[in-house]
Amino acid sequence: LCLTRLDHVMNEEVRKTLNVAPVTEKMRESRLRWYCHVLRSNDTSMAKTALELNVRGLRPCGQPFTRCLDQLKDYMHLAKVTCRDAADHTKWKNRCKQADPTYYRPSNSWQFSIREKEE
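Only a predicted model underlies this, so the values are computations on that prediction, with no experimental measurement involved.

In this section: the pattern of salt bridges. Summed over the entire model, instances satisfying the criterion amount to four salt bridges. With a closest N to O distance of 3.3 Å, D70 and R67 form a salt bridge. We note a salt bridge from D85 to K91, for which the minimum N-O separation is 3.3 Å. The class for K91 is partly exposed, based on a relative accessible area of 30%.

Put into structure tokens, the structure is as follows:
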């Protein structure tokens, strides 16, 4: 690619040429993957207990902060999955994995590298 900062190329253009998914989509995938793991875990796990914890007290004035569960619900709505779908791991995985792969590597990539060196 051989680009420097002096070339003033936008990050989006570089991602398109390298076939890399946007960071926000990859973060959404990883958060949904973690949430599925937590939903399938047993009820006494630390992550599930902390996720279902209700804190007593008043929230500060103004617009409330976006909580982790609120953001996860938005992500689940975008991926069209529900909490019940977490039991079916393949269904959850197929619906949540919507971003392009960050790096495509053929299964026999070592053969390509050997052929390129020979030529």
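Here the focus is the layout of surface pockets. As a volume, the largest pocket reaches approximately 340 Å³. Along the walls of the largest pocket sit A50, L51, L53, N54, V55, R59, R67, C68, L69 and D70, which together make up its complete lining. Going through the elements one at a time, α3 (46-51) and α4 (68-79) are the ones with two or more residues in the lining of the largest pocket. Ranked by the residues each element gives to the lining of the largest pocket, the list is headed by α4, at three residues. Per-class residue counts for the lining of the largest pocket are six nonpolar, one polar and three charged. In this structure, the second largest pocket encloses a volume near 160 Å³.

Along the polypeptide, L39 turns up in helix α2 (residues 23-40). Measuring from C-alpha to C-alpha, the distance between L39 and L51 comes to 9.8 Å, with 12 residues separating the pair along the chain. Setting aside chain neighbours within four positions, we find L39 in contact with K48, C83, A86 and W92.

Attention now goes to unusual backbone geometry. Backbone geometry places H8, a non-glycine residue, at a positive phi of 55 degrees. With respect to the element layout, H8 can be found in the segment before α1 (11-18). A positive phi is found at K80, a non-glycine position, where the angle reads about 60 degrees. Of note, K80 is situated in the loop between α4 and α5 (89-96).

This part is about the environment of Q98. With respect to the helices, strands and loops of the structure, Q98 is situated in the loop between α5 and α6 (109-118). Along the backbone, Q98 and E25 are 73 residues apart, and their C-alpha atoms lie at a distance of 7.8 Å.

Cut-offs and rules
Residues numbered from 1 in each chain as written. Predicted model: local features only at pLDDT ≥ 70, side-chain atom pairs only at ≥ 80, totals over all residues. Heavy atoms only, no water. Salt bridge = Lys/Arg side-chain N within 4 Å of Asp/Glu carboxyl O. Buried < 20%, exposed > 50% of the residue type's maximum accessible area, 1.4 Å probe, protein only. 1 Å grid on protein atoms, 1.4 Å probe; cavity = no way out; pocket = protein on both sides within 12 Å on 5 of 7 lines; lining within 4 Å. Points joined across faces, edges and corners; volume = space filled by probe spheres on them. Helix = DSSP H or I, 4+ residues; strand = E, 2+ residues; numbered from the N terminus. Nonpolar A, V, L, I, M, F, W, Y, C, P; charged D, E, K, R; others polar. Contact = heavy atoms within 4.5 Å.

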